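Reading the structure
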Amino acid sequence: MPSSSSHATSSHSAHRPAGRKPPVARRGRFQAFIRTMWVLFWGGLVGLLLYVAAVNYNFMNLFGRMPNLRTLENPKSELASEVYSADGVLLGKYFRENRTPADYRDLPQNLVDALVATEDVRFEQHSGIDFKSIMRAVAGLGRSGGGSTLSQQVAKVLFKTRPGEASNLNDGTLNGEGKLGLLITKTKEWLLAIRLERNYTKREIMRMYLNTVDFGSNAYGINTAAKTFFNKKPKDLTTPEAATLVGIVNAPSRFSPALHPVRSKRRRNWVLRQMNTYGYLPQEELVKDTAKAIVLHYSVESPTQGLAPYFRTEVAKYLQAWAKETDHDLYADGLKIYTTLDSRMQLAAEQAVSEHLALQQKAFSAQWKGQLPWRDENGRVIPNFLATAMRRTQRYKSLMTQYEGNKDSVNYYLRKKYKMPVFSWQGEKEMLLSPMDSLDYYKRYLRAGFMAVNPLNGQVKAWVGGPNFKYFKFDHVRQGKRQPGSTFKPIVYTAAIDAGYSPCYPRPDMATTFPAVAGRPPYTPKNFEGGFSGRVFTLRQALARSMNSITAWLVFQLTPKTIADYAKNMGITSPIDPVPAVGFGASDCSIYELCGAYGTFVNKGVWTSPIMVTRIEDKNRNVLREFVPRTKEVLSEETAYVMTNMLQASTTERGGTSTILHTGFKFPFEIGAKTGTTSNYSDAWFMGITPNLVCGMWVGGEDRSIHFRSGYYGQGARLALPLYGIFIKKVYANKNIDFDTQPFPKPAKLDIELDCSKYSGARRDTIPADQKMAQPTLDALDDKDI
C-alpha cells in the first residue's frame, strides 16, 4: 500500500497539465539561459575589445596602420598655396584641392547652427561617437543625418580612411571594398573621432570640418565655397546662403545650386526646417527664408585666373626644384609666396598688350584677308604647312596612339567639326570647327611677350607671355626665343666703347664685306633701306639710326667672338654663334635674357639676374626661404653710362628710330631705347630703359613664316614700340607706382666725350686725321673668329 507522501506526489502529478515542466526545472533553465547570455555578453565584449585593439595596433598587418600621435596632433589636409604681389595683392593660387583655411572667429553662427542641426545635433554632448544616431541609422529611422558625427567625418577626410584613397591606412590584408572593409574603415573612424575629441576642442573640430569638406565646383573648405557660390567671405553669409552651403556637403554634385537649382533649394529649405526644429531659427524667419530664391554669384576658381598667369606659371616651374629639395608640396602645403611683381604695373602691361595686339591684328587680318599668311622667304605659300604643324601637336600624337597609327581614323577626327569656344579680340565666341580648322584659326593670330624689370635689384615688375593664357599657353617672355635683330646691337657698341672707341667716333656709311669661310659665301650686310649713303655718322648716330653698315664694321674690327663673349658676360645664356651676323641678332634669345643685359647699362655696369620671388612662408607664417638676385660686375660704370646715353640718342637724335616717344607720346623724361626687326619682318622687338625700369617686348607670329608683308607694318618701331608707349603712359599716369622720371645718374668720373654735335653731318674728307681709320681688308680678320 503506498505511503501518504507517495500518494500526495502522485495526486499532484495527476493534476499537472501535460508537457509542463516543474518550477524547479524552469528556474534551472532560465538560470542557464542567463549564464549563457552573460558568457556571450562578456565574450562578445572581450571579443569586441580584442577586435578594436587589433584594429588599433594593426595586428599582423591585417587592418592597415593608424596615425601616430604626432600625425594626429598635426593632421594635414591639402591647402592651396597663395601667390602675392610685392604690393600685397593676391595674384592667384596653386592647388589640386582649392582650399584656404578659415579661423573659427570667421565662421558665422548661422553657419555653425545649420551644420549642427543637419549633420550632428548632439555634437556638443557626445565624445566622438553618437550611439543613439548609430542605432537610429541602423534601424533606418534617421531623419537628421546618418550615424557619423562631425568628428568622424573630419577623421574620414583628414586621414583618408576610405578604401581606394591614397593613404597608408588602407594597406592591411583585410582592407577592401566589401562589408568587412567597410566595418574596418568605420572602426578606424570611430577610434580616430575619439582621439580627435581628446586632442581638440569642439570649436577646433568644427573649424577642421568646415575647412576640409568638399563643396563641389573645385571648392574645398568654407572659405573657397563662400567665394565660389556667393563671392563672399564666410562671415558675410546670410542664413539662407549658409543653409545652401550646408545642404551641399551631403552630396556636392547632387545638391549643387549651380547645377541643380530646384533640387538645391529643396535641400536648403530642409536644412532651414532642421534649424527651426532644433531651436536655431524662429518660425517667422523660417517662413521668410524658405520663400527666398537662391541668388548665386558663381565663379569656379582656377589656377590660371587672376593677374599674371604666365608669370605665375613660370614661378611654379622655378619653385619646383626648391620644393623637391625641401620636401614641400607647392600645391598642397598652403604656402605664402611673395613675388616681386607690382600688380598695378602688371595690370597696365596686360591692358597695353591687349590694346596694342587688338589694333595690330586688325591690320594683319586685313592684309592677309582671303590669303594664306604662311610664306617662305620668297613670298610663296608653304605647302602642307597646317598638316606639318598638326603633326607636332599633342592632339595628333594622342589620336595616333588611340587609333594605333591608323591615319584614316586620325584624319577623320582631325576634320570632324565640334562646337567650341574660341578666342577673339571682341570676346570669347562659339564656333563650329574641326581641329584642323582650329589650328588654321589660331595660326593667324599675332603673339606678343612683354617684361618689365627693375635693373637696380633685378625684381620683375610685369610679365605678359601672350595674348590670352586660356587660349595661348606658350610663354613668349622666357620660354620663347627668337632672333633679337637690332636690339642686340648695343652689345656690339658696348664692346666698341670698351675697346677705346668714342661715341663721337665718325665712320662713313659704307659696305663691309666678310670673306668667305669654310664654304660660307662672302657676307655684306645691307642697311634697312638697302643701300649705303657714304655720309659720315658718329657711332652715337649710327646706333640711334640702327645702321647695319657701321655695326658690321665694328663687328669686323672687334671680331664676332668678342661680341659673343660680351653677350654671354651680360647674361645671354642662349647659345650665341660667333659668326659675322652676330651683331644683328642672328642667334635666338629671350626677352628675359635681353632685359637682364640692358639692365647692366642702367645699374652702373652690374649685371643682376631677374628674380621673381622674394620669400616663401609656410601656412603658419614661418619664413622658409628668402631670395636675392645673383649679381656680377661686367662693365665699368663709365662704359655703362656711355651706353645709357647712346641709347637715349634713339629717342632724341634726328633720324633716331624711337623719337616718337618724345614727339608722339610726349614723354618729358629721359628714355633710352632700341628697336629691332628681323628678316622678312618675322620679329619686331623693342627695348626701353628708364632709371629704375627696363622693358623688353616682342611681337610676331607663332611661326617665323607668319608675318606682315612690309616693313611699314612689320618693323620694330611700328609693331613693337607703341606697346611700350601705351604701357609707360599708363604707368606714368598712376602716381602710386614707383616710376623714376629723373635723369639717368652720371658717374663721378666721366672722361669720354658725349657731345658729338661738332661731328654731325661731316664728310669723310673733313674728319681729323687722328679720327680716321682704314677700311678693313680681307686678311685683317682671322678665319677662326668669324
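Residues numbered from 1 in each chain as written. Predicted model: local features only at pLDDT ≥ 70, side-chain atom pairs only at ≥ 80, totals over all residues. Heavy atoms only, no water.

1. Quick notes on the pattern of salt bridges
Following the criterion strictly, the structure yields 30 salt bridges and no others. The closest approach of N and O atoms between D342 and R344, which form a salt bridge, is 2.9 Å. Judged by relative accessible area, which is 9%, D342 ranks as buried. On the accessibility criterion, R344 (29% relative accessible area) is partly exposed. (Salt bridge = Lys/Arg side-chain N within 4 Å of Asp/Glu carboxyl O. Buried < 20%, exposed > 50% of the residue type's maximum accessible area, 1.4 Å probe, protein only.)

2. Quick notes on the environment of T313
Along the chain, T313 turns up in helix α13 (residues 309-326). Take T313: its relative accessible area is 30%, and that puts it in the partly exposed class. For the pair T313 and Y94, spaced 219 residues apart in sequence, the C-alpha separation works out to 9.3 Å. (Helix = DSSP H or I, 4+ residues; strand = E, 2+ residues; numbered from the N terminus.)

3. Concerning the packing of helix α9 (residues 222-230) against helix α10 (residues 239-248)
It is the contact of α9 with α10, at a shortest axis distance of 11 Å, that shows an interaxial angle of 115 degrees. Comparing the axis directions of α9 and α10 gives the class roughly perpendicular. The interaxial crossing formed by α9 with α10 has right-handed handedness. When α9 is examined against α10, the residues I222, A225, A226, F229 and F230 are found in contact with a partner set consisting of E241, T244, L245 and I248. (Axes fitted to C-alpha atoms, helices over the stretch in contact; angles between N-to-C directions. Parallel < 35°, antiparallel > 145°, perpendicular 65-115°, else oblique. Left-handed = near helix turned anticlockwise from the far one by under 90°. Contact = heavy atoms within 4.5 Å.)

4. Focus on a nonpolar patch on the surface
Nonpolar side chains collect at one region of the surface, where F30, F33, I34, M37 and L40 lie side by side and expose about 520 Å² of accessible area between them. Note on placement: F30 falls in helix α2 (residues 23-57). In this structure F30 comes out as exposed when scored by relative accessible area, which is 54%. (Patch = residues over 30% accessible without salt bridge, like charges linked within 9 Å, V, L, I, M, F, W, Y side chains within 5 Å. Areas by Shrake-Rupley, 256 points an atom, 1.4 Å probe, with all protein chains shown as cover.)

5. Description of the environment of R482
Of note, R482 is situated in the loop between β7 (460-464) and α19 (489-498). Sequence spacing of R482 and W698 is 216 residues, and the spatial spacing of their C-alpha atoms is 8.8 Å. Every residue in contact with R482, bar those within four places of it in the chain, is listed here: S587, D588, C589, S682, D683, W685, W698, G701, E702, D703 and R704. A polar atom in the side chain of R482 sits 2.8 Å from the side chain of D683. (Polar contact = N/O pair within 3.5 Å; in protein donor to acceptor, adjacent residues only side chain to side chain.)

6. Re the sheet that holds strand β11 (residues 613-617)
Across a sheet, paired strands are connected by hydrogen bonds in the backbone, their directions being either parallel or antiparallel. An order of β2-β1-β3-β11-β12 is seen for the 5 strands of this open sheet, with the pairing classed as mixed. Every other strand in the sheet has two partners, leaving β2 (90-94) and β12 (623-626) as the edge strands with one partner each. On average, adjacent strands in this sheet sit at an angle of 20 degrees to one another, irrespective of strand direction. Taken together, the 3 bridges between β11 and β12 define a ladder with antiparallel strand orientation. Across the sheet, residue R615 finds its bridge partner in β12, namely E626. Docked against the sheet, α13 engages β1 (81-84), β2, β3 (336-339), β11 and β12, running at close to 50 degrees with respect to β2. (Pairing = 2+ DSSP bridges.)

7. Comments concerning the packing of helix α23 (residues 591-602) against helix α24 (residues 637-652)
The N-to-C vectors of α23 and α24 enclose an angle of 110 degrees; their axes lie 7 Å apart at closest approach. Relative to α24, α23 is oriented roughly perpendicular. Between α23, through Y598, T600, F601 and V602, and α24, the contact on the second element is made entirely by A640, M643, T644 and L647. When the residues that make up the contact of α23 with α24 are grouped by side-chain class, the tally is 6 nonpolar, 2 polar and no charged. (Nonpolar A, V, L, I, M, F, W, Y, C, P; charged D, E, K, R; others polar.)

8. Digging into helix α21 (residues 548-558)
One turn of the α-helix equals 3.6 residues, which is why residues spaced by three or four share an orientation. The buried fraction of α21 amounts to 10 of the 11 residues, a majority that puts the element mostly inside the structure. Turning to α21, its buried residues are N548, S549, I550, T551, A552, W553, L554, V555, F556 and L558. The inward-facing, buried residues of α21 contact α19, β8 (506-508), β9 (536-538), α20 (539-545) and α22 (560-569). Just beyond α21, the residue with positive phi is T559, at close to 80 degrees.

9. Considerations on the packing of aromatic side chains
As enumerated under the stated definition, the model contains 35 aromatic pairs in all. Considering the side-chain rings of Y403 and Y413, the 5.2 Å spacing of their centres and the 10 degrees angle between planes classify their relative orientation as stacked. With Y403 in the loop between α16 (394-402) and α17 (407-414) and Y413 in helix α17, this residue pair connects regions lying 10 residues apart in the sequence. Residue Y413 is classed as partly exposed on the basis of its relative accessible area of 27%. With a centroid separation of 5.1 Å and 85 degrees between ring planes, the pair formed by Y441 and Y442 is classed as edge-to-face. Across the pair, exposure class does not vary: Y441 and Y442 are buried alike. In this structure an aromatic cluster arises from ring pairing among F423, W425, Y441, Y442, Y445, Y471 and F472. Taking the ring centre of Y338 as reference, the NZ or CZ of R615 above it sits at 3.9 Å. (Phe/Tyr/Trp six-rings, centres within 6.5 Å; stacked < 30°, edge-to-face > 60°. Lys NZ or Arg CZ within 6 Å of the ring centre and 35° of its normal.)

10. Considerations on the state of the cysteines
Applying the stated criterion across every chain yields a total of 1 disulfide. Between the sulfur atoms of C504 and its disulfide mate C756 the distance is 2.0 Å. Its S-S torsion of approximately -80 degrees makes the covalent link between C504 and C756 left-handed. Residue C504 is located in the loop between α19 and β8, and its partner C756 is located in the segment after α28 (721-733); the two are separated by 252 residues in the primary sequence. For the pair C504 and C756, one class covers both residues: buried. (Disulfide = S-S within 2.5 Å.)

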